[in-house]
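Working through the structure, step by step
Read off the chains here:
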Amino acid sequence: MRRIQALLTGTLAAVTMAAVCGAGLAPNAPVAIGDTKIGKVLVDGEGRTLYLFEKDTKGESTCYGECAEDWPPYLTEGEPEAEEGTKAGLLSTTKRKDGSEQVVYGKWPLYYYHDDKKPGDTFGHDIDEFGAEWYAIQPDGKKASH
């Protein structure tokens, strides 16, 4: 009985973590290019827009707590994968405080925006929250300008 209870507790914890993180965990996180109303920007394997946070100046995340609830980090369990049009040499990861690995492109840890509901949404672009600006990111690793 204790073994079943421990298994259920562990499963519940994993499900809760996935919900809190916005299901942003990918085994080998693909980074691709998507066409959006603001131009070509980085997206995950499902076409969801990825964002940079200008406060992350050293390639490490500064977004935790409430910030990470609104802007879930793009996490991976393996090496991120460069899809067509992206630059593999710009892909890496950074370790978060909880030990998880966040995908980095250039010097920017990547995030989702909680109000983006479908592929191509860019509602998080050009927003000032949590002490700095948030932008979709172009394939060259710079913030999108539109």
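Scoring rules and cut-offs
Residues numbered from 1 in each chain as written. Predicted model: local features only at pLDDT ≥ 70, side-chain atom pairs only at ≥ 80, totals over all residues. Heavy atoms only, no water. Helix = DSSP H or I, 4+ residues; strand = E, 2+ residues; numbered from the N terminus. Buried < 20%, exposed > 50% of the residue type's maximum accessible area, 1.4 Å probe, protein only. Contact = heavy atoms within 4.5 Å. Polar contact = N/O pair within 3.5 Å; in protein donor to acceptor, adjacent residues only side chain to side chain. Pairing = 2+ DSSP bridges. Salt bridge = Lys/Arg side-chain N within 4 Å of Asp/Glu carboxyl O. Phe/Tyr/Trp six-rings, centres within 6.5 Å; stacked < 30°, edge-to-face > 60°. pLDDT = per-residue confidence, 0-100.

1. Quick word on the environment of His-125
- Residue placement: His-125 occurs in the loop between strand E9 (108-109) and strand E10 (127-129).
- Residue classification places His-125 among the buried positions, given a relative accessible area of 12%.
- Separated by 73 residues in sequence, His-125 and Leu-52 place their C-alpha atoms 9.2 Å apart.
- Discounting chain neighbours no more than four positions away, the residues touching His-125 are Ile-38, Tyr-51, Trp-134, Tyr-135, Ala-136, Ala-144, Ser-145 and His-146.
- A polar contact of 3.1 Å, which involves the side chain of His-125, links it to the backbone nitrogen of Ala-136.

2. Some words on the sheet that holds strand E2 (residues 30-36)
- Spatially, three strands are ordered E3-E2-E6 in an open sheet, and the strand pairing comes out mixed. Each edge of the sheet is formed by a strand with only one pairing partner; in this case those strands are strand E3 (39-43) and strand E6 (81-82).
- Looking at chain direction, E2 and E3 are connected through five bridges and run antiparallel. Paired with Gly-34 across the strands is Val-41, a residue of E3.

3. Re the pattern of salt bridges
- Tallying each qualifying case throughout the model produces four salt bridges.
- In this structure, Lys-40 engages Asp-35 in a salt bridge whose closest nitrogen and oxygen atoms are separated by 2.7 Å.
- Close ionic contact of Lys-143 with Glu-54 constitutes a salt bridge, the shortest N to O distance being 3.1 Å. Remark: Glu-54 occurs in the loop between strand E4 (51-53) and helix H2 (66-70) and Lys-143 occurs in the segment after strand E11 (132-136); sequence separation between them is 89 residues.
- Given a relative accessible area of 27%, Glu-54 falls into the partly exposed group.

4. Considerations on the packing of aromatic side chains
- Evaluation of the coordinates by the stated rule reveals seven aromatic pairs.
- With a centroid separation of 4.3 Å and 40 degrees between ring planes, the pair formed by Trp-71 and Tyr-113 is classed as tilted. Of this pair, Trp-71 sits in the loop between H2 and strand E5 (75-76) while Tyr-113 sits in the loop between E9 and E10, placing them 42 residues apart in sequence. Tyr-113 shares its class with Trp-71; the two are buried.
- Note on Tyr-111 and Trp-134: the rings are 5.1 Å apart at their centroids and 85 degrees apart in plane angle, and the pair reads as edge-to-face.

5. Points about the confidence of the model for the chain
- Taken residue by residue, the chain gives an average pLDDT of 86. The fraction at 70 or more is 84%.
- Low pLDDT (under 50) marks residues 1-23, which in the prediction has seven contacts with non-local residues, meaning those over four places away or in another chain.

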